[in-house]
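Architecture at a glance
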Amino acid sequence: MPSEKKISSASDCISFMQAGCELKKVRPNSRIYNRFFTLDTDLQALRWEPSKKDLEKAKLDISAIKEIRLGKNTETFRNNGLADQICEDCAFSILHGENYESLDLVANSADVANIWVSGLRYLVSRSKQPLDFMEGNQNTPRFMWLKKVFEAADIDGNGIMLEDTSVELIKQLNPTLKESKIRLKFKEIQKSKEKLTTRVTEEEFCEAFCELCTRPEVYFLLVQISKNKEYLDANDLMLFLEAEQGVTHITEDMCLDIIRRYELSEEGRQKGFLAIDGFTQYLLSPECDIFDPEQKKVAQDMTQPLSHYYINASHNTYLIEDQFRGPADINGYVRALKMGCRSIELDVNDGSDNEPILCNRNNMTTHLSFRSVIEVINKFAFVASEYPLILCLGNHCSLPQQKVMVQQMKKVFGSKLYTEAPLPSESYLPSPEKLKRMIIVKGKKLPSDPDVLEGEVTDEDEEAEMSRRMSVDYNGEQKQILLCRELSDLVSICKSVQYRDFELSMKSQNYWEICSFSETEASRIANEYPEDFVNYNKKFLSRIYPNAMRIDSSNLNPQDFWNCGCQIVAMNFQTPGPMMDLHTGWFLQNGGCGYVLRPSIMRDEVSYFSANTKGIVPGVSPLVLHIKIISGQNFPKPKGACAKGDVIDPYVCIEIHGIPADCSEQRTKTVQQNSDNPIFDETFEFQVNLPELAMIRFVVLDDDYIGDEFIGQYTIPFECLQPGYRHVPLRSFVGDIMEHVTLFVHIAITNRSGGGKPQKRSLSVRMGKKVREYTMLRNIGLKTIDDIFKLAVHPLREAIDMRENMQNAIVSVKELCGLPPIASLKQCLLTLSSRLITSDNTPSVSLVMKDNFPHLEPLGAIPDVQKKMLAAYDLMIQESRFLIEMADTVQEKIVQCQKAGMEFHEELHNLGAKEGLKGRKLNKATESFAWNITVLKGQGDLLKNAKNEAIENMKQIQLACLSCGLSKAPSSGAEAKSKRSLEAIEEKESSEDNGKL
């Protein structure tokens, strides 16, 4: 069967439109009509039928079209009662006439919508020479390049070549294509021309390459960002990188360098343009990877106490199979250490000839000598990370063999062993930075009396302990073993102790002592005492290990315990699956060094956070994550699948993992029988309340009536996402990157309340005043302290109002520009400037700097549509200015209340006792106090971030106005003056900050 022809050029779009198709016509009165739309053969008008109007009136002249918008971005769509049932990616609008009336349409698929949008934009931009494209694809840069490629391979110069040679040539140009698919394409072309020969002409070679190697979704994107050309120049690329990809400080030279590196044709490299094939290569390159390159190196503060980090940890490290039958294997340690693991387990037993060994006590046939294991650990300890390695020592040896262990560790590890005694004067553990390249032994320790050379300690055998606890005759007593002084002295800042309860631990546990919790026990504590668990983990290390009942070595969900601040969640590295995907994905950040800094709300001494939070986190601004799944590339057939032959029907699941309020899952539709380039074109939105703890997992599955089969997945921390058009490199079930297997997505992060990631574009979505939520302070029950916090109520409302008013004003401008909330301000100004151009192609407004703020002033009488847009623009500048000028005053009031409240922190219990608060009431007062401090700190930080965002917005607006030609006098002198204005706000703000300091 001939395959469906792909859209690979403007003429393909025009041909499709001339053939016509059914579109839904949306009316302002919420009615939707099915109409058949066609483009006239002379390309002058768009027509639809049936219609009650005269045939000549049921049409729209191409010359009357002002703008084509993709998505639900007009008043008709926004106010239509059925809008929620209309797919964003299938909707588009044609704005026409002097009053910008809209013809609002919905296609049956996103692909069809893209064809109409691309074709119409092409016609509008080429309205003065509408037959340009008819000169054909033969003269495009792409075809000129392909002809040269063909001629170079056509040794005889006859203009034809063997099919085998053509197939090989296309495979060289695009290694991801299967040979069978290329041969099938040549057969289709030859059959359509009723040829009997298998020799390939130049024209057939070019046609086959374009149909096989053009990804329609990339073509539509190229046409959109190149202003309807079929290639990008340096300016197009610069705008794409700034406005879509969130790249800052980009220059024309940097864009030309990208073109030189990725453009395939010599002509393109010399003239500085990027055609479809080079653009596709660029989008697939590491430069457009979804993972933030900043996080590929150590990017976090490594000077905090050890207890403030999540630590990459392994359970039963010596196993490479399940714990019931699996043999001990040295490669378990090599694999874990190469993956950046910073906490590994050594279960040591007595061996023959006075040599300690490691073995699986369920499978004694294979064992490893202790010496060989620590030699391998020494070799690989700091290959993937130079931060400290923790050895969790499970000691089951006799005293003589314990002494052998000590001798061997001292000899092999030497000065790397960290044995410094902890200082009682300190309150927290040393930092990873201070402990660089050190090996820390975790284990039992004898009392400090030097005369005691040996003594009894509780056994570290966790699995045996679990089994005993679950037995009928368990009496609560733990098994005791003998420990020698020499081994005890190797343990310094990771002394193993038994957990009793939080009240006892907070009073008497030393900061260098660590508790281990079974999965069951930790889950119970997390559910019953979530806030206490978080507070406990601010100071002390917690280690969580899987239940002994997991004889198949399956994994627990690490997220459940990370939410409580537990640092060392031990995973069975030998068992792949969703839980190991989360663990591996999480520790990709911070350079894969095995240490990830916990959110500040889980580190600050006085802060409130509950792992069971099901709503907004106090002091943290929720973000909205917008993910568009565009397409997939080269999906392999699932391993072991045989029911459907080579056919697969893929779909994509997006999972959000984090605190309970953030956990969510959505899926795309299934694309039938397409593994090479399935087009999904679906957009999803997720509110993320605590971004620092969130992860996104993309899973591709094969839809099968027997049971959906796994194709690939990729897991990434929220903080590592890059905005814009990105390729996601999928991993296999065992975690290996699959070559050429990707998802093509668009990522945007919008921000409800002014926080977010300014380095990745500051974006906003509207929050109306009627539904505005103010974070409330809690009543503590102590009048002195409550009176202080009452002083913060008004400044908090002011702070939230200023942030929300600015965000709403920005969104109003975006809506009037016909842009979605995820659009950047640069995109807004580009659209705005195109509307503010008169009939003789000159601007109708001019940029005027007033008090260093960018205002737009009319240069004469302007129509009502433009007045409305300028009014929205002025309001955005006004609200931004108000926030910039008032933020410091309001923030100072909030900070003063926070400081005044903190002065009572130490005395809180005594004050409560005097007022008669005790037990649960006193605990509630302490919790409310921590909540209020968290809110004040968080809201102060959010206001500070909002001010920085507003300053950055003003700079971006001014730069965009200059580049769009809205400056009255674009001379070098005027530009220099504008640059000075651009820096003025920043200088003013920095001088104010210095004055404060």
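See the structure printed just above.
As a starting point, this report considers the structure included with it.

Things to note about the overall build of the protein chain
- Within the protein chain one finds 29 helices and 34 strands.
- Expressed as a percentage of the 997 residues in the protein chain, the buried residues total 56%.
- For the protein chain, the proportion of contacts with a sequence separation of at least 24, taken over those separated by at least 6, is 70%.
- Surface summary for the protein chain: the accessible area is close to 43700 Å², and the carbon and sulfur share equals 51%.

Observations concerning the packing of helix α13 (residues 331-338) against helix α14 (residues 370-380)
- At a closest axis distance of 10 Å, the pairing of α13 and α14 adopts a crossing angle of 20 degrees. Classified by the angle their axes make, α13 and α14 are roughly parallel. In this structure, α13 meets α14 at a crossing whose hand is right-handed. Packed against α13, whose contacting residues are Tyr333, Val334, Leu337 and Lys338, the element α14 presents Val373, Val376, Ile377 and Phe380 at the interface.

Some details on the pairing of strand β6 (residues 91-96)
- Counting buried positions along β6 gives six out of six residues, so the element sits mostly inside the fold.
- Residues Ala91, Ser93 and Leu95 of β6 are buried on one face, and the alternating residues Phe92, Ile94 and His96, pointing to the opposite face, are buried as well.
- Pairing geometry for strand β5 (residues 65-70) and β6, over five bridges, is antiparallel. Opposite isoleucine 65, over in β6, you have histidine 96 as the bridge partner.
- Counted along the chain from β6 to the antiparallel partner strand β7 (residues 101-106), the turn is four residues long, and its residue glycine 97 has a positive phi close to 80 degrees.

Considering the sheet that holds strand β4 (residues 59-61)
- Reading across from one edge, β4-β3-β2-β1-β7-β6-β5 is the order of the seven strands in this open sheet, with antiparallel pairing throughout. Strands with a single pairing partner mark the edges of an open sheet, and in this sheet they are β4 and β5. Put simply, the sheet's adjacent strands are angled 30 degrees from each other on average, direction ignored.
- Helix α1 (residues 10-19) contacts β1 (21-26) and β2 (32-39) of the sheet and is inclined by roughly 120 degrees relative to β2.
- Of the strands in this sheet, β1, β2, β3 (45-49), β5 and β6 are in contact with helix α3 (residues 110-125), which crosses β5 at around 155 degrees.

Overview of the packing of aromatic side chains
- Enumeration over the complete set of coordinates arrives at 26 aromatic pairs.
- Both rings, one in phenylalanine 150 and one in phenylalanine 205, keep their centres 5.5 Å apart while their planes meet at 50 degrees; by these two values the pair is tilted. Placement of the pair is phenylalanine 150 in helix α4 (residues 141-153) and phenylalanine 205 in helix α7 (residues 202-213), with a sequence separation of 55 residues. For the pair phenylalanine 150 and phenylalanine 205, a shared accessibility class is recorded, and that class is buried.
- Consider the rings of tryptophan 562 and tryptophan 586, whose centres lie 5.5 Å apart with planes at 25 degrees: the pair is stacked. Remark: tryptophan 586 occurs in helix α22 (residues 578-586) and tryptophan 562 occurs in helix α21 (residues 558-562); sequence separation between them is 24 residues.

Topic: helix α28 (residues 920-963)
- The end-to-end C-alpha separation of α28 is 63 Å, in line with the 64 Å expected for 44 residues at 1.5 Å each.
- Looking one or two residues beyond α28, the residue adopting positive phi is glycine 965, at roughly 80 degrees.

Quick notes on the side chain of serine 607
- Here serine 607 shows up in the loop between β24 (595-597) and β25 (623-633).
- Judged by relative accessible area, which is 6%, serine 607 ranks as buried.
- At 3.0 Å, the side chain of serine 607 and the side chain of lysine 538 are in polar contact.
- Reaching out from serine 607, the side chain makes a polar contact with the backbone oxygen of isoleucine 601 at a distance of 2.8 Å.
- Non-local contacts of serine 607, meaning those with residues more than four positions away in its chain, are made with Asn535, Lys538, Ile601, Ala930 and Thr934.

Concerning the side chain of serine 314
- Locating serine 314 in the fold gives a position in strand β12 (residues 309-314).
- At 2.8 Å, the side chain of serine 314 and the side chain of threonine 317 are in polar contact.
- Apart from residues lying up to four places away in sequence, serine 314 is in contact with Ala336, Cys341, Ser343, Ile344, Glu345, Ala570, Met571 and Phe573.

So, how was this worked out
Residues numbered from 1 in each chain as written. Predicted model: local features only at pLDDT ≥ 70, side-chain atom pairs only at ≥ 80, totals over all residues. Heavy atoms only, no water. Helix = DSSP H or I, 4+ residues; strand = E, 2+ residues; numbered from the N terminus. Buried < 20%, exposed > 50% of the residue type's maximum accessible area, 1.4 Å probe, protein only. Contact = heavy atoms within 4.5 Å. Areas by Shrake-Rupley, 256 points an atom, 1.4 Å probe, with all protein chains shown as cover. Axes fitted to C-alpha atoms, helices over the stretch in contact; angles between N-to-C directions. Parallel < 35°, antiparallel > 145°, perpendicular 65-115°, else oblique. Left-handed = near helix turned anticlockwise from the far one by under 90°. Pairing = 2+ DSSP bridges. Phe/Tyr/Trp six-rings, centres within 6.5 Å; stacked < 30°, edge-to-face > 60°. Expected span 1.5 Å × (residues − 1). Polar contact = N/O pair within 3.5 Å; in protein donor to acceptor, adjacent residues only side chain to side chain.

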